[in-house]
Amino acid sequence: MTRTHTPPSTGVVGSRVPRVEDARLVTGAGTFVDDVTRPGMVHACFVRSPLPRARIGDIDVSGALELDGVLAVYTAADLNPTAHQISYGLDMIGMPPVPRPPLAEEEVRFVGDPVVLVIAVDRYIAEDAVEQVIVDYEPLDPVVDYITAGESPNLVHAGFAGNSAGEIGGRPASDLAPIFDSAAHVVRQQIFQQAYSPVPMETRGIVAEWSIPTSEMTIWASTQSPFEVRGFTARLLGIDEHQVRVLARDTGGGFGMKVAPLREEACVLLAARTLGSAVKWIEDRQENLMSAGMSRHEHASVGMAFDEDGKILAASIEHTQNVGAYPAPSPITGGVPVGMLFPGPYRVTNASFHAKFLYSNTVGRIAYRGPWQFESVAREVLLDHAARRIGIDPIELRRRNILRRDEFPFPNPNGMVYDNASPMETLEQAVQMLDYDAFRAQQRAARAEGRYLGVGTCTYIEPTAGASPFLSTEGATIRIAPSGKVNVFVAGGSAGNSIETTVVQLTADALGADIADVRTVQGDTAVTPFGGGTQGSRSGSMTAGAIAATAAPLRERIIAIAAHRLGVAVDEIEFAASRATVVGTPDKALTLAEIAEIAYLQADALPPGIPPGLEAVGRHKTTQMAIWANATHLCTCEVDIETGEVTLLRYIVSEDCGPMINPAVVEGQIYGGTVQGIGGALYENLAYDESGNPVATTFLDYLMPTASEVPRIEVGHVETPSPGPGSFKGVGEGGAIGSTPAILNAVADALSPFGVEISKLPLSPATIVSMLDEARAAGKGPA
């Protein structure tokens, strides 16, 4: 992966400051949940259903209880009545309810459904005890295929007719019928995306410790949102939030999976209170792939109408999503944006959408890096399909329809108002970086030799730093010690998104402190201000707002103290790199340490109106529904038409996330998301067989790209300021949104001489060979 040359780090916003997290992480000194040990700590393990749907009969736990070291065995009858409420801060008012029993009640609803919880003195004994639990199951016909779930006579959850988890729509498709009927070109396609998983390096984990004397719960969790865990726990146990402390130290990746605690975490919390001790549960990889949740499993019928010149007249999407048995939070929360964003960054004035969400006897749907990503898959694959049907180059088709920076704000017809974006500009930068015309010439020459090269693109626009109630504010506390060292407290924690480095950099810049003087404390609800955590591409811009609001009065106080001591006016003081100097007289100066000593230890020497100490608390509230970021992904590939192997040749991203706090962090986020999208396009598949059994529960079956399959990722930057703090935008999710459709389009372009069109993911070698065989059987392909 490449990085452009930059001048040496200056320690301020915009510089490539080395990550402060790296020293402990690369030396193995990080603190993950499994590193936590508490006095008297015991271990949890789950008995999980081997069937996708069955009625639970008798449960014999006697064999487990006979093992030395087994402390408790809980069934739903024991544990579930102790739960007060399972709900999330992210649950939106008015959304349909979602059943969420801690342990399976009456029926199991997917393979891996937790049925019994075993507690033992160590994990090994707990696992042995699980094997001794006998559950009498009466198999029932499962609802495996979500596509037909609405017509199935079987219900995943009683009371949810047609297995419906909800339905929502915008303008009816019938309104657009006259436009489609009279259009010069009409293109329709059905596109299916497979289920896949976030697969963080660190699986889920929790240590829950209940203090009987104080009625307090202390939790060490692998989470992206410590305050979501705190609120979830308080509601679950029926206690006040100040009785719950959550600590999130290092988190080995989350990607959305670790925003909302799931049913297993609820069970551990309930057991810890019942036992009055510390309980640890660490998910193994098979559990993770079987039970931690899936994403992306959906399909849509999409259509576009074009005029004679290839300009879009109307766009429609009929979207259906699998939400599994126990989605978290409400499936509609992440599903609604698919339809609303389907018009994308294009000059579309007429659109319709409809979405329905269906339960099935598979693992529940969870958030994953850009949960609405399917809107870009469906739209961008359809655009390339349209270009081939109309007879126009796919880049030229986009040029005729894509929005320019000077056209914003632009209201899309499904209710989103885009602003402060640059879709055309990123498209042109990516095309220039590739030298698109030269590649087309190379492609023609290769085809003459019997080699099949392709190029594909995706331009998207995404909402970042969204203003849902739970995510609309972020706080910060800054405390400057008498030594002049700075501690900044924020809610977020280390989840691979470099938020520690970002916070240190923002604070040093906002205060005027030397970056070496700044440290950060994060992920501890007992000492940090409330915040939404790492999700929704919000951390950078929201934290920037919180730090700016907190640092401004502190900086004023620092300058006032320095001016008073140095005997000059406030406007004669310059403060930078932890040093206050008098304009024109740089030798007349005070260090931050000297100013802090005055503030704390020489209170009588402070200027009038300045309180002692150097501490402040601030909070930022976003006023925008979203801050819009955008990018163009452009890649080239070669497809072996005999084996179906896809080799990625070049990969280019032109990104507009506004001014960059740290270019190295921005590019790291782009790299990681892009690789995940490559996996979704070509490798990953959380598949089930016809009977509802998962067939990819180890890394032997669940394939992911490795370093040898990932090309160098070249990044270009376009900077359009946002109205948010520092003019920053989010960047965490975009790479995973744009990469999958770009790769799909590159493969389709390579195989276009055979008339192959993409309709189903992933594009495994077997799938590609099958598509080519069908094309040849139909007499398609070069002579």
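This text goes with the structure placed above it.
Fair warning: this is a prediction, and the values are worked out from it, not measured in the lab.

K.L.:
Help me out: how do you make sense of the nonpolar core in this one?
P.N.:
Judged by nonpolar contacts, the single largest core of 121 residues is most densely connected at Phe306, Tyr418 and Ile768. With nine residues, the top contributor of residues to this core is helix H10 (residues 374–390). Every residue in contact with isoleucine 768, bar those within four places of it in the chain, is listed here: Val639, Gly644, Val646, Val747, Leu751 and Leu763.

K.L.:
How do you make sense of the pattern of salt bridges when you look at a structure like this?
P.N.:
Scanning the model with the defined rule gives 43 salt bridges in all. Taken together, the salt bridges that share partners define one network made up of Arg48, Arg123, Glu127, Arg204, Glu264, Glu265, Glu283, Asp284 and Glu287.

K.L.:
Help me out: how do you make sense of the pairing of strand E20 (residues 486–489) in this one?
P.N.:
Taken residue by residue, a regular strand's side chains alternate between the two faces of the sheet. Relative to E20, strand E19 (residues 473–480) runs antiparallel, the two sharing four bridges. Counted as the bridge partner of isoleucine 478 is valine 488 from E20. Counting the residues between successive antiparallel strands, the hairpin from E19 to E20 contains five residues, one of them, glycine 484, with a positive phi of roughly 90°. Relative to strand E21 (residues 518–521), E20 is paired through four bridges, and the arrangement is parallel. Pairing of asparagine 487 across the sheet is with arginine 519, part of E21. With helix H14 (residues 499–511) bridging E20 and the parallel E21, this β-α-β connection has right-handed handedness.

K.L.:
Can you help me understand the sheet that holds strand E2 (residues 54–60) in this one?
P.N.:
Remark on secondary structure: sheet strands pair via backbone hydrogen bonds, oriented parallel or antiparallel. Pairing within the open sheet is antiparallel, and its three strands lie in the order E4-E2-E6. If you trace the sheet from one side to the other, it starts and ends with strand E4 (107–108) and strand E6 (134–139), each paired once. Bridging between E2 and E4 involves two bridges; their strand directions are antiparallel. Bridge assignment links alanine 54 to a residue of E4, and that residue is valine 108.

K.L.:
Help me understand the side chain of threonine 502 in this model?
P.N.:
Positionally, threonine 502 belongs in helix H14. In this structure, threonine 502 is in contact with Ile661 and Val665, ignoring residues within four places of it in sequence.

K.L.:
So what exactly am I meant to see when it comes to the sheet that holds strand E7 (residues 164–169) here?
P.N.:
With respect to topology, five strands assemble into an open sheet ordered E7-E15-E14-E13-E8, the strand pairing being mixed. Lying at the two open borders of the sheet, with one neighbouring strand each, are E7 and strand E8 (185–193). With strand direction ignored, the average angle separating the axes of adjacent strands in the sheet is 5°. Note: strand E14 (residues 312–324) against strand E15 (residues 351–359), nine bridges, orientation parallel.

K.L.:
What is the right way to read the packing of aromatic side chains from this model?
P.N.:
Here a ring pair, both rings aromatic, is described through the centre-centre distance and the interplanar angle of the planes. Scanning all chains against the criterion turns up nine aromatic pairs. Where tyrosine 452 meets phenylalanine 754, the ring centres are 5.3 Å apart and the plane angle is 55°; that geometry is what we call tilted. With tyrosine 452 in strand E18 (residues 452–464) and phenylalanine 754 in the loop between helix H18 (734–750) and helix H19 (765–777), this pair connects stretches of sequence that are 302 residues apart. Given a relative accessible area of 8%, tyrosine 452 falls into the buried group. The class for phenylalanine 754 is buried, based on a relative accessible area of 4%.

K.L.:
Could you clarify how one ought to interpret helix H16 (residues 592–601) in this entry?
P.N.:
Counting along an α-helix, one turn takes 3.6 residues, and residues three or four places apart therefore face a common direction. Of the positions making up H16, those classed as buried are Leu592, Ile595, Ala596, Ile598 and Ala599. The arc enclosing the buried residues of H16, seen along the axis, measures out at 155°, which places them on a common side. In the core, the buried residues of H16 are packed alongside E19, E20, helix H15 (539–566), strand E22 (573–576), strand E23 (579–582) and strand E24 (585–591).

K.L.:
Sorry, what's going on with the side chain of threonine 534 here?
P.N.:
Mapping threonine 534 onto the fold places it in the loop between E21 and H15. Accessibility expressed as a relative area gives 12% for threonine 534, which makes it buried. In terms of polar contacts, threonine 534 uses its side chain to reach the side chain of asparagine 497, at 3.3 Å. With near-sequence residues (within four places) excluded, threonine 534 lies in contact with Gln224, Val259, Gly493, Asn497 and Ser539.

K.L.:
It is not clear to me how a negative patch on the surface should be interpreted in this structure. Could you clarify?
P.N.:
A grouping of Asp58, Asp60, Glu66 and Asp136 is seen on the molecular surface, where their side chains present a negatively charged patch. Inspection of the secondary structure assignment puts aspartate 58 in strand E2. The exposure class assigned to aspartate 58 is exposed, which follows from its relative accessible area of 62%.

K.L.:
I would appreciate a short explanation of unusual backbone geometry in the present structure.
P.N.:
Where the residue is not glycine, phi is negative for most of them; where a peptide bond is considered, it is trans in most cases. The peptide bond linking alanine 328 to proline 329 adopts the cis configuration, its omega dihedral lying at -15°. Take proline 329: it is sitting in the loop between E14 and helix H9 (331–341). Cis geometry marks the peptide bond from phenylalanine 408 to proline 409, where omega comes out at 5°. Here proline 409 is to be found in the loop between helix H11 (394–399) and strand E16 (410–411). For asparagine 163, which is not glycine, the phi dihedral falls at a positive 55°. Checked against the element boundaries, asparagine 163 lands in the loop between E6 and E7. Unlike most non-glycine residues, serine 578 shows phi in positive territory, near 65°.

K.L.:
For this particular structure, what's the right way to read the environment of proline 705?
P.N.:
Within the secondary structure, proline 705 is located in the loop between helix H17 (663–682) and strand E28 (713–717). Along the backbone, proline 705 and glycine 677 are 28 residues apart, and their C-alpha atoms lie at a distance of 9.8 Å. Dropping the residues within four chain positions of it, proline 705 is found in contact with Val675, Ile678, Gly679, Tyr683, Glu684 and Val710.

K.L.:
Please clarify how empty space enclosed by the protein should be interpreted in this entry.
P.N.:
Gaps between atoms show up when a probe of the same size as a water molecule is rolled over them. In total, this model carries four cavities of 30 Å³ or more according to the counting rule given. The calculated volume of the largest cavity comes to roughly 150 Å³. As for the largest cavity, its lining consists of 16 residues, and the residues nearest its centre are Leu262, Arg263, Glu264, Ser291 and Tyr326. Split by residue class, the lining of the largest cavity holds ten nonpolar, three polar and three charged. In this structure, the second largest cavity spans a volume of roughly 110 Å³. Where the lining of the second largest cavity is concerned, the elements lending two or more residues are strand E9 (205–211) and helix H7 (263–275).

How each quantity is defined
- Residues numbered from 1 in each chain as written.
- Predicted model: local features only at pLDDT ≥ 70, side-chain atom pairs only at ≥ 80, totals over all residues.
- Heavy atoms only, no water.
- Core = buried A, V, L, I, M, F, W, Y, C linked by side-chain atoms within 4.5 Å.
- Buried < 20%, exposed > 50% of the residue type's maximum accessible area, 1.4 Å probe, protein only.
- Helix = DSSP H or I, 4+ residues; strand = E, 2+ residues; numbered from the N terminus.
- Contact = heavy atoms within 4.5 Å.
- Salt bridge = Lys/Arg side-chain N within 4 Å of Asp/Glu carboxyl O.
- Pairing = 2+ DSSP bridges.
- Right-handed = clockwise from strand over helix to strand, strands pointing away.
- Axes fitted to C-alpha atoms, helices over the stretch in contact; angles between N-to-C directions.
- Phe/Tyr/Trp six-rings, centres within 6.5 Å; stacked < 30°, edge-to-face > 60°.
- Arc of directions from axis to C-beta.
- Polar contact = N/O pair within 3.5 Å; in protein donor to acceptor, adjacent residues only side chain to side chain.
- Patch = residues over 30% accessible without salt bridge, like charges linked within 9 Å, V, L, I, M, F, W, Y side chains within 5 Å.
- Areas by Shrake-Rupley, 256 points an atom, 1.4 Å probe, with all protein chains shown as cover.
- Lys, Arg positive; Asp, Glu negative; His and termini not counted.
- Charge placed at Lys NZ, Arg CZ, Asp CG, Glu CD.
- 1 Å grid on protein atoms, 1.4 Å probe; cavity = no way out; pocket = protein on both sides within 12 Å on 5 of 7 lines; lining within 4 Å.
- Points joined across faces, edges and corners; volume = space filled by probe spheres on them.
- Nonpolar A, V, L, I, M, F, W, Y, C, P; charged D, E, K, R; others polar.

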